[in-house]
Amino acid sequence: MLETSARLLRLLSLLQAHRDWSGADLADRLGVTPRTVRRDVDKLRDLGYPVNASRGTGGGYQLGAGAELPPLLLDDEEAVAVAVGLRTAAGHGIEGIGETSVRALAKLEQVLPNRLRRRVSALGAFTVPMLRGPDASAVDPGLLTELAGACRDAERLRFAYRTHDGELSRRTVEPHRLVCTERRWYLVAWDPERADWRTFRVDRITPTPPHGPRFTPRTPPSEDLAAYVSRGVAVSAYAARAVILLKAPLAEAARRVSPSAGVLEAVDADTCRLTAGAPDLTVLVIHVLMMGIDFEVVEPPELTEVIREARDRLTRVLDGP
């Protein structure tokens, strides 16, 4: 039988890892009687852990949310994963979260065993973060939580929205989901005034409370909202659009085409279809050539002519003095 202190830690670990435990299951895991489990639960409550209990056939124990964060019991891999996540968050686009992540990481490293501290320290010492591009805008974490709360509570959201040209408009929408890419955050929402789904860049949103009233969530515009947003930001937003058949498997093409650069769809085991947009067809040609994959033009026919012009220009360069 486990000693009392070790058993309490084991009990706390089980409660953190599982939403609901019956007294019998906990007793079986700990090798004690259900009465001992009840006494141990009382001890955890005395230490400040909010352990909820329900009676009846389907009753059991559940660790509730408390006013303060209790110590977390993490195994080796979980601790390293949290440290890696904090280091990653410190360099990404949520305004103010970088400093907070560094502080949290410092606290975590203080309590890590030496074997794990060495692994985490090596990761930090021998990793160079790639700086975000100049057009990648940081987002206030308070704004993200406000939008996420409106999505969760199915509450209408009012905000001022700034377009790419700097024009401001007032919007009232039914928020559905937040979608994040490598550089930006987007809100997918139903716009009642336009009777259609819309995608909004979060860094251009300024909430104007009060929000509400509640609404009945609608069926989303796509089961794959990431692909839906990708199509909007990589295709629909541009004047020139094209469909191109890539002579490569989908997995290989996905390694060379980011979600914000185009939408990929598998055709068969050896080819895939790319739908992409750009300011003009010349930029599209350059974009496709830089992938380093053989391709065929599906549409528009004008793209083939632009490719011929590019070929002739390159030929003149190569044949020149």
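Please read these numbers as outputs of a predicted model, since none were measured by experiment.

Overview of the overall build of the chain
Moving on, step 1. Broken down by element type, the chain carries 11 helices and 11 strands.
Moving on, step 2. Each of the 321 residues in the chain was classed as buried or not, and the buried ones make up 33%.
Moving on, step 3. Within the chain, contacts between residues at least 6 apart in sequence are counted, and of these 56% link residues at least 24 apart.
Moving on, step 4. Of the roughly 20,100 Å² of accessible surface on the chain, 53% is carried by carbon and sulfur atoms.

Points about the packing of helix 10 (residues 281–289) against helix 11 (residues 301–319)
Moving on, step 1. At a minimum axis separation of 9 Å, helix 10 and helix 11 run at an interaxial angle of 70°. The pairing of helix 10 with helix 11 is recorded here as roughly perpendicular in orientation. Contacts between helix 10 and helix 11 involve L281, T282 and V285 on the former and, on the latter, E302, L303, V306 and I307.
Moving on, step 2. For the contact of helix 10 with helix 11, a count of residues per class yields 5 nonpolar, 1 polar and 1 charged.

Digging into the pattern of salt bridges
Moving on, step 1. According to the stated counting rule, one finds 15 salt bridges in the structure shown.
Moving on, step 2. The salt bridge partner of E296 is K247, with a shortest N-O separation of 3.0 Å. Pair noted here: E296 is in strand 11 (residues 295–299) and K247 is in the loop between strand 8 (240–246) and helix 9 (250–254), with a separation of 49 residues, a long-range link.
Moving on, step 3. Three or more residues joined by partner-sharing salt bridges are found here, namely R171, D191, E193 and R194.

Remarks on unusual backbone geometry
Backbone geometry follows two general trends: most residues other than glycine have a negative phi, and most peptide bonds adopt the trans configuration.
Moving on, step 1. In the segment running from G212 into P213, the intervening peptide bond is cis, with an omega of 0°.
Moving on, step 2. Structurally, P213 can be placed in the loop between strand 7 (205–207) and helix 8 (225–236).
Moving on, step 3. Note the cis peptide between E299 and P300, where omega equals 0°.
Moving on, step 4. Relative to the helices and strands, P300 resides in the loop between strand 11 and helix 11.
Moving on, step 5. Here A154, not a glycine, exhibits a phi torsion of approximately 50°, which is positive.
Moving on, step 6. The topology assignment puts A154 in the loop between helix 7 (141–153) and strand 3 (157–162).
Moving on, step 7. One non-glycine residue, A195, lies in the positive phi region at around 50°.
Moving on, step 8. Its location among the elements puts A195 in the loop between strand 5 (185–191) and strand 6 (196–201).

Let's talk about the side chain of E174
Moving on, step 1. Locating E174 in the fold gives a position in strand 4 (residues 168–180).
Moving on, step 2. Side chain to side chain, E174 and R156 meet in a polar contact 3.3 Å long.
Moving on, step 3. Every residue in contact with E174, bar those within four places of it in the chain, is listed here: R156, A189, W190, P192, F215 and R218.

Quick word on helix 3 (residues 34–46)
Each full turn of the α-helix corresponds to 3.6 residues, which orients residues three or four apart in the same direction.
Moving on, step 1. Relative to the 18 Å expected for 13 residues at 1.5 Å per residue, helix 3 spans 19 Å between its end C-alpha atoms, a close match to the ideal helical length.
Moving on, step 2. Count one or two residues on from helix 3 and you reach G48, which has phi positive near 105°.

Observations regarding a positive patch on the surface
Moving on, step 1. On the surface, a cluster of positive charge is made up of R35, R38, R39 and K43.
Moving on, step 2. By the element assignment, R35 lies in helix 3.
Moving on, step 3. Looking at R35, the relative accessible area reads 58%, which means it is exposed.

Describing the sheet that holds strand 8
Moving on, step 1. Taken in spatial order, the 4 strands make up an open sheet running 9-10-8-11, and their pairing is antiparallel. Of all strands in the sheet, those with a lone pairing partner are strand 9 (263–266) and strand 11, marking the two edges. Put simply, the sheet's adjacent strands are angled 25° from each other on average, direction ignored.
Moving on, step 2. Relative to strand 10 (residues 272–278), strand 8 is paired through 7 bridges, and the arrangement is antiparallel. Counterpart to A240 in the pairing with strand 10 is A278.
Moving on, step 3. Docked against the sheet, helix 10 engages strand 8, strand 10 and strand 11, running at close to 25° with respect to strand 8.

Quick notes on helix 7
Moving on, step 1. With 13 residues, helix 7 should reach 18 Å at 1.5 Å per residue; the first-to-last C-alpha distance of 18 Å fits that figure.
Moving on, step 2. Buried within helix 7 are the following residues: L143, L144, L147, G149, A150 and C151.
Moving on, step 3. Turning to helix 7, the residues buried within the fold contact strand 3, strand 4, strand 5 and strand 7.
Moving on, step 4. Once helix 7 finishes, A154 follows within two positions and takes phi at roughly 50°, a positive value.

Cut-offs used in this document
Residues numbered from 1 in each chain as written. Predicted model: local features only at pLDDT ≥ 70, side-chain atom pairs only at ≥ 80, totals over all residues. Heavy atoms only, no water. Helix = DSSP H or I, 4+ residues; strand = E, 2+ residues; numbered from the N terminus. Buried < 20%, exposed > 50% of the residue type's maximum accessible area, 1.4 Å probe, protein only. Contact = heavy atoms within 4.5 Å. Areas by Shrake-Rupley, 256 points an atom, 1.4 Å probe, with all protein chains shown as cover. Axes fitted to C-alpha atoms, helices over the stretch in contact; angles between N-to-C directions. Parallel < 35°, antiparallel > 145°, perpendicular 65-115°, else oblique. Nonpolar A, V, L, I, M, F, W, Y, C, P; charged D, E, K, R; others polar. Salt bridge = Lys/Arg side-chain N within 4 Å of Asp/Glu carboxyl O. Polar contact = N/O pair within 3.5 Å; in protein donor to acceptor, adjacent residues only side chain to side chain. Expected span 1.5 Å × (residues − 1). Patch = residues over 30% accessible without salt bridge, like charges linked within 9 Å, V, L, I, M, F, W, Y side chains within 5 Å. Lys, Arg positive; Asp, Glu negative; His and termini not counted. Charge placed at Lys NZ, Arg CZ, Asp CG, Glu CD. Pairing = 2+ DSSP bridges.

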